[in-house]
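Here is how the chains run, residue by residue.
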Amino acid sequence: MIDTVHGRGPAGCAQGVPPGPVPSPRFPPWPSERNDAPPDHQETAITASDPVPLRKDGTPSAGTATPAVELRGITKRFPGVVANHDINLTVRTGTVHALMGENGAGKSTLMKILYGMQKPDEGTIAINGEQCEFNTPGDAISRGIGMVHQHFMLADNLTVLENVVLGGEKIHGIGAKAKAKIKEISDQYGLGVRPDALVEDLGVADRQRVEILKVLYRGAKILILDEPTAVLVPQEVDALFDNLRELKSEGVTVIFISHKLHEVLAVADAISVIRRGTTVGDADPKAVTARQLAEMMVGAELPSPESRESTVTATEMLDVKDLRIAKTDAEGIERVVLDDISLRIHKGEILGIAGVEGNGQAELVEAIMGMLPLDGGTVTLDGKDLSGTLTRARREAGIGYIPEDRHKHGLLLEAPLWENRILGHVTEEPNSKGVLLDPGAARTDTLRIVEEFDVRTPGIEVTAASLSGGNQQKLIIGREMSHQPKLLIAAHPTRGVDVGAQAQIWEHIRVAQRAGLAVLLISADLDELIGLSDTIRVIYRGRLVADADPATVTAEDLGTAMTGAASGHIESEPEAVAEAQAVAAEGTEAEHPPTDTADDSQAGE
Amino acid sequence: MTSPNPAAKAAKPGLAQRISGERIVLALAAPVLAVVLSVAICSVLLATSGKNPFDAWNVMITYATKSDGQVNILNRSTTYYLAAAAAAFGFRMNLFNIGVEGQYKVAALFAAYVGGQVDLPSFIQIPLLLVTAMLVGGLYASIAGLLKVYRGVSEVIATIMLNSIAVAIVGLLLVPGIFAPKVSGTSNSIQTAPLSESSHFFALDTAGGPLWGFIFIAILVGVVFQFTLTRTRFGFDLRATGRSESAATASGVNVKKMVIISMAVSGAIAGLIGLPELMQNSFNYGQSFQPGLGFLGISIALLGRNSPFGMVFAAVLFAFLDATGSQLPLQGGFPSEIVAVMQGTIVICVVVAYELVRRYGLKRQQQKVGAQLAAQIAATEKKEVSA
């Protein structure tokens, strides 16, 4: 298999510099009704708009109607909330196949099975028509399957070359031959990777390309990308999609895991949707709308977005002035993490912070929470100066906190739900009386939260670890909302949460906003930011560089500002905004905060 | 479309639900397995050394059925339990106080000195000695706490060092003219002046000899330990920090303060370890004062899972092994070292077994929750279909 990939090397080289992106990404020319068409036919169709002539001479047998991956009746009884049950999936060679589903639907399990990390209890895997059994990822790799994980696994202090050959020293050695091979692959697929660059100097998108190259270097012909766009700004997503199309045109099969509807529609040739551990259907990206896809994922009709009226008041709630934090790193160099951050949030206002992760968002949150010592500046909540106080005092003063990493900062995973309900509010009613805990009252109140916030659990004595991500998050939100917060810090409140829970979480935030809550919203999801916020600020390298009104800005322009390319007040072309809103209204409601009916639509499940 | 959340109805938290049979079985499985395994290993060991293992077990069990053996076991358990509680208090918040050994030695030395110098009525004298020991132990332990908080020194390293320093301190102070009386007669051994009569703790007279009254102090420590952990805000903070320091910090726990406090409390409990011996048996602190209790306490805490209740059984088991083990060489010439081997294997087995059982329990619960939720959903769907 390795030979097959490499044997095509010269052909790839001949192509040289990639001819530019396919002009119409939203309509990948793969008509699903032709599923029994011969392979040449397929490839012609795919690259109809591609000026480069297609390789049709070689290996006709390899690219016949045999699908690259065929999973039949995969069942995995897995300790957890969702098991895979009778999953069928067919991925054709040389296509981008999107696997969609809400979090916890079983996508990851399925991909772990395909990558040999877990064994299915029942069912068969066929790669290029051959029945396979994978015991380790090594078996899958030798079959030409490669996986690019969501979290990159690169050594920062090594070069790209060193990272690529690491663990694969036997393939092409570690010297000039390997470097030539890397260049060859990079050119062939238009990845633009420089083998001698240090990984620590690379941006997120470049690192991702290194990861892809690493997998291709090991001879992968079937690529699994686990939520590859989660860490990218829109422009980088487009570049990634260009790379994927390039890979596809070279005969590589890509399995693309995502729950972002418009991205899937933009790049996929075929879509499979998984819900509750089983495949609920395949969709043709050409024929299906984002709304229909979202409904397939959730299994219920989605509510429409409501028009928002402003609830912002003139009363100032949070006032952050000239916040500055500098950290000294291992080499003794002072690194400014937060630089002169000033922001104000009023009662009933949601302030969104946009930014690529790692630009100081986490530090900003921790500074306001009192978890990081300040080098300068003040934090004032409702007229009270909190700058010198400890985290507990700030929480008691009325700051609610939905942490970015709920497992690390929000929950005691091995403690029962009712103890998790106490966490963070141990000094407050109903959790304690004086210095003594009141477990009885805490239990009763946990029951109330479970009911009001629709936490799906068989009881409150089970550990937090046994709940799914969305339900854990609903428990956290219920807890934080139960103490009449004046300010809610919501860091990625819907990350890793399924669409249904997402809608409920948004609704809870909006209800509280209407009641006068001030919200600091940090999110990587620009649609979430635009949909929820009253004001958006952009953070870049520890500074608030730009601001925008969500009503007059598009995700594209926000993305530009997030890369540091724009500053000041951003306002998009009115036509662009109108178009984006129209698209949203037509299709991607799932990405937008829904109405009160969300609960009803979910309850039936 | 609206369906009532079934959780609300199902989750009336009765005591029966909280303490399910399965959880008890899971909790007991690991220590029982560990003990059985180590008995097997030691039997093989005895057999290969040419001794009949069943005879050895017989000697031990016979001694344990006699009343003097039982009193001996209970008196030892008292000391062991205090040692375990001292270690466990730190362990509950992932603070590894390896320095219990040094803390109790220094504390007992000071208590012995004070007891030898002061002669007040019992009802003042005894509390005075208890407080002295706890204060000295607590202060000595908090050195490690302060080092951890302000200088980032691992408490493991610091307490191990402090153990060595404790030996040196005892050596430095326990010399004639300082803590020991100037004239020590013909004996070569050096010890503090005997405690005043009023310092003697009461003992219960039984058929098997005096049963130390300190057992009540140990019970009291256990009760207060359990109450603090499960019923106070401080205990919640402590457990939260032990389970996830990052989550505790985010929840508002002042971890630095917690480290210093728990280290001091752990040291204070450690200060009590030497007192049963001091106030009920030897009545002075000498060179032959029982060493090694601190490390034994760590083993017992591990076996008892740092739970005040579990440590009772662990302490009694270790006391049983030690007390009856001393009979082995006397009756049949069995090597008494077999007891040390057994304690060692129990600890190793139990560490492995607890981790296995913990993972199994977590998985099992996730499975159960998944199954229950699936059943709820199925029930709801059925209802909807019929509706």
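Reading the values: the criteria
Residues numbered from 1 in each chain as written. Chains lettered and ligands numbered in written order. Predicted model: local features only at pLDDT ≥ 70, side-chain atom pairs only at ≥ 80, totals over all residues. Axes fitted to C-alpha atoms, helices over the stretch in contact; angles between N-to-C directions. Helix = DSSP H or I, 4+ residues; strand = E, 2+ residues; numbered from the N terminus. Parallel < 35°, antiparallel > 145°, perpendicular 65-115°, else oblique. Left-handed = near helix turned anticlockwise from the far one by under 90°. Contact = placed C-beta atoms within 7 Å. Pairing = 2+ DSSP bridges. Expected span 1.5 Å × (residues − 1). Buried ≥ 20, exposed ≤ 12 C-beta atoms within 10 Å, placed from the backbone. Arc of directions from axis to C-beta. Domains from an automatic or database assignment.

1. A closer look at the packing of helix H5 (residues 67–91) of chain B against helix H15 (residues 310–325) of chain B
Residue and element names in this part refer to chain B.
- In the contact formed by H5 and H15, the axes pass within 7 Å of each other and the chain directions differ by 130 degrees. The pairing of H5 with H15 is recorded here as oblique in orientation. Every pair of crossing elements has a handedness; the one defined by H5 and H15 is right-handed. Judged by residue contacts, Gly-69, Asn-72, Ile-73, Arg-76, Ser-77, Tyr-80, Tyr-81, Ala-84, Ala-85 and Ala-88 of H5 engage Met-311, Val-312, Ala-314, Ala-315, Val-316, Phe-318, Ala-319, Phe-320, Asp-322, Ala-323 and Thr-324 from H15.

2. Observations concerning the sheet that holds strand E1 (residues 69–76) of chain A
Residue and element names in this part refer to chain A.
- Here we have four strands laid out as an open sheet, ordered E2-E1-E4-E5, and antiparallel in their pairing. Since the sheet does not close on itself, it has two edges, and those belong to strand E2 (84–91) and strand E5 (130–132), each with one partner. Recorded for the sheet is a direction-independent mean angle of 25 degrees between the axes of neighbouring strands.
- Judged from the five bridges that link them, E1 and strand E4 (residues 122–127) form a sheet pairing that is antiparallel. When the sheet's bridge partners are listed, Arg-72 is paired in E4 with Thr-124.

3. As for the pairing of E4(A)
Residues and elements named next belong to chain A.
- Looking at chain direction, E4 and E5 are connected through three bridges and run antiparallel. Counted as the bridge partner of Ile-127 is Glu-130 from E5.
- Counting the residues that bridge the hairpin from E4 to E5 gives two residues, and of these Asn-128 lies at a positive phi of roughly 50 degrees.

4. Points about helix H8 (residues 176–188) of chain A
Residues and elements named next belong to chain A.
- The first and last C-alpha atoms of H8 sit 18 Å apart over 13 residues, in line with the 18 Å expected at 1.5 Å per residue.
- Those residues of H8 that sit buried are Ala-178, Lys-181, Ile-182, Ile-185, Ser-186 and Gln-188. Mapping the buried residues of H8 onto a view down its axis gives an arc of 165 degrees, with all of them on the same face. Exposed and facing more than 90 degrees away from the buried side of H8 are Ala-176 and Ala-180.

5. Concerning the domain arrangement of chain A
- Per the domain assignment, the segments of chain A are domain 1 (2–16 + 94–118 + 135–298), domain 2 (348–373 + 385–398 + 485–568 + 575–605) and domain 3 (413–483).
- Inter-centroid distance (C-alpha atoms) of domain 1 of chain A to domain 3 of chain A is 40 Å.

6. Quick word on the pairing of strand E13 (residues 350–354) of chain A
Residue and element names in this part refer to chain A.
- Judged by how many residues are buried, E13 sits mostly within the fold: five of five residues are covered.
- Burial along E13 is two-sided: Ile-350, Gly-352 and Ala-354 and Leu-351 and Ile-353, pointing in opposite directions, are all buried.
- Inspection of the sheet shows E13 paired to strand E20 (residues 518–522) by four bridges, in the parallel sense. Considered in E20, the bridge of Leu-351 is made with Leu-520.
- Where E13 and strand E21 (residues 535–540) come together, four bridges link them in parallel fashion. Residue pairing across strands places Ala-354 opposite Val-538, the latter belonging to E21.

7. Structural notes on helix H10 (residues 234–249) of chain A
Residues and elements named next belong to chain A.
- The end-to-end C-alpha separation of H10 is 23 Å, in line with the 22 Å expected for 16 residues at 1.5 Å each.
- When we look at burial in H10, the residues that qualify are Val-237, Leu-240, Phe-241, Asn-243, Leu-244, Arg-245, Glu-246, Leu-247, Lys-248 and Ser-249.
- Following H10 by one or two positions, Gly-251 has its phi on the positive side, about 90 degrees.

8. Notes on the sheet that holds E21(A)
Residues and elements named next belong to chain A.
- Read across the sheet, seven strands follow the order E16-E19-E20-E13-E21-E22-E23 without closing on themselves; strand pairing throughout is mixed. Each edge of the sheet is formed by a strand with only one pairing partner; in this case those strands are strand E16 (399–402) and strand E23 (568–570). Across this sheet, the average inter-strand angle for adjacent strands is 25 degrees, counted without regard to direction.
- Strands E13, E16, strand E19 (487–491), E20 and E21 of the sheet are contacted by helix H13 (residues 361–369), whose axis makes an angle of about 155 degrees with E19.

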